[in-house]
Amino acid sequence: MQRPLAASLLTATTLLLAACSGPPAPRPKDTRAPTAPAGVTATAGSASTVHVMWSAATDDRAVTGYAVHLDGRKVKDLPATTLMTDVVGLAPATRHRFTVRARDAAGNVSPPGAGVTATTLPAAAEDRTPPTTPTALRVTADGSRAATLRWSPARDDTRVTAYDVYQADTRVHTVPGTATTAHLTGLRPGTAYAFTVRARDAAENSSPDSAPADLTTAPSPGAPPNTAPRDLTATAARGEITLTWTPPETGAPVTRHELHLDGRFATTIIWGTTPPPGRATYTFPVQDPPGTRHTVTLRAQLPDGTWGDFSAPRTVVVR
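Residues numbered from 1 in each chain as written. Predicted model: local features only at pLDDT ≥ 70, side-chain atom pairs only at ≥ 80, totals over all residues. Heavy atoms only, no water.

Undergrad: So what's going on with the sheet that holds strand S16 (residues 240-246)? Residues and values would help.
TA: Across the sheet, 3 strands lie side by side as S15-S16-S19; this open sheet has antiparallel pairing. Every interior strand has two partners, whereas the edge strands, strand S15 (230-237) and strand S19 (280-285), have only one. Going across the sheet, the axis of each strand differs from the next one's by a mean of 15°, ignoring polarity. Two strands pair when backbone bridges link them, and S16 and S19 are joined in this way by 6 bridges, in the antiparallel orientation. By the bridge assignment for S19, Glu240 is matched with Pro285. (Pairing = 2+ DSSP bridges. Helix = DSSP H or I, 4+ residues; strand = E, 2+ residues; numbered from the N terminus. Axes fitted to C-alpha atoms, helices over the stretch in contact; angles between N-to-C directions.)

Undergrad: Residue-level account of the environment of Arg279, with values.
TA: Topologically, Arg279 is positioned in the loop between strand S18 (264-270) and S19. When the C-alpha atoms of Arg279 and Val50 are compared, they prove to be 44 Å apart, with 229 residues separating the residues in sequence. For Arg279, the contacting residues outside a window of four places in its chain are Arg230, Asp231, Thr233, Thr244, Trp245 and Thr246. One polar contact links Arg279 to Thr244, side chain to side chain, over a distance of 3.0 Å. Within the structure, the side chain of Arg279 is placed 3.0 Å from the side chain of Thr246, a separation counted as a polar contact. (Contact = heavy atoms within 4.5 Å. Polar contact = N/O pair within 3.5 Å; in protein donor to acceptor, adjacent residues only side chain to side chain.)

Undergrad: Give me the nonpolar core: which residues, what numbers.
TA: Grouped together as the largest cluster of nonpolar side chains are 20 residues, with contacts concentrated most on Val139, Leu149, Trp151, Tyr163, Val165 and Phe195. Taken together, the elements giving at least two residues each to this core come down to strand S8 (135-141), strand S9 (146-152), strand S10 (160-167), strand S12 (181-185), strand S13 (192-201) and strand S14 (213-216). Counting residues per element, this core draws most heavily on S13, which supplies 4 residues. (Core = buried A, V, L, I, M, F, W, Y, C linked by side-chain atoms within 4.5 Å. Buried < 20%, exposed > 50% of the residue type's maximum accessible area, 1.4 Å probe, protein only.)

Undergrad: Please give an account of unusual backbone geometry that cites residues and values.
TA: Of note, Ala136 is a non-glycine position whose phi angle comes to about 55°, a positive value. Residue placement: Ala136 occurs in strand S8. Phi angles above zero are rare outside glycine, and Asp262 is one such case at about 55°. Examined against the element boundaries, Asp262 turns out to sit in the loop between strand S17 (256-261) and S18.

Undergrad: Requested: an account of the packing of aromatic side chains, with residues and values cited.
TA: Applying the stated criterion across every chain yields a total of 5 aromatic pairs. Between Arg198 and the ring centre of Tyr166, over which it is positioned, the NZ or CZ distance is 3.8 Å. (Phe/Tyr/Trp six-rings, centres within 6.5 Å; stacked < 30°, edge-to-face > 60°. Lys NZ or Arg CZ within 6 Å of the ring centre and 35° of its normal.)

Undergrad: Let's hear about the sheet that holds strand S3 (residues 63-70): which residues, and what values?
TA: Strand order in this open sheet of 4 strands is S4-S3-S6-S7, and the pairing throughout is antiparallel. The sheet is open, and its two borders are formed by strand S4 (73-79) and strand S7 (116-119), each paired with just one other strand. Neighbour to neighbour, the strand axes of the sheet diverge by 30° on average, direction disregarded. With 4 bridges connecting them, strand S6 (residues 95-104) and S7 associate as antiparallel partners. Across the sheet, residue His96 finds its bridge partner in S7, namely Ala118.

Right under this line is the structure:
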């Protein structure tokens, strides 16, 4: 019996649609390697350590990590978010060559960035005296994504071998002990930062932190102005920490602030009535042992009910 033409056309159409709606074609295999990391630097920090830094590589999909090579031998595997490391356990007064390679999720490895050399410092007699604190730290913006730090040099009973730059108690840059400036890149527009500097000697003794230098980077074009609380200070006394700050200008009294401790929400500070004009003060208890370090930030609730930008962070040591 001959099949009706309409039924045949319907069957053919159904088969065609089924073929078109099958599983998608697999994504092409990733065979393209990332670019080589640029801007590699190596700075000897002591008789046994060298600090290596580099700029981020790029990839057609994503860079997933970096490998640091010492004299042609891989010594560190690091995640993509890390652009600096210390290579330790080196021999004193020895010249070493460092290269960095990037990798992606498919295992493609970039060519090495330009190799750099550094010579570890000579071994010295036991030294337990840290350098003095760097002073007169100041920071200037270089556009909305970079900044330059300048400071007055520290002193040491032997010599200062390096200066370490910290942001929110995390080291973000290192320069030789002969330098008194540092250029930072990779900052975010419209963000409040606080930087400190420590001096270091050949025995890895570090000075206390310098006084902080604050910077709020310019916002991106068309973005609203920064709404972070300003001039935050954090002072520790026995069993407590006291904060003082200037609330942001929002066009209305700021009655609520969020306190974050070490990057995590801690509490909401609420004024039951109209807050007093000028600087605000808040004291909260701590039960950590003396010497514990905390990083504190604040943000204000804006008139529309949303939370504003975070303040520049402050590091405080429990007494």
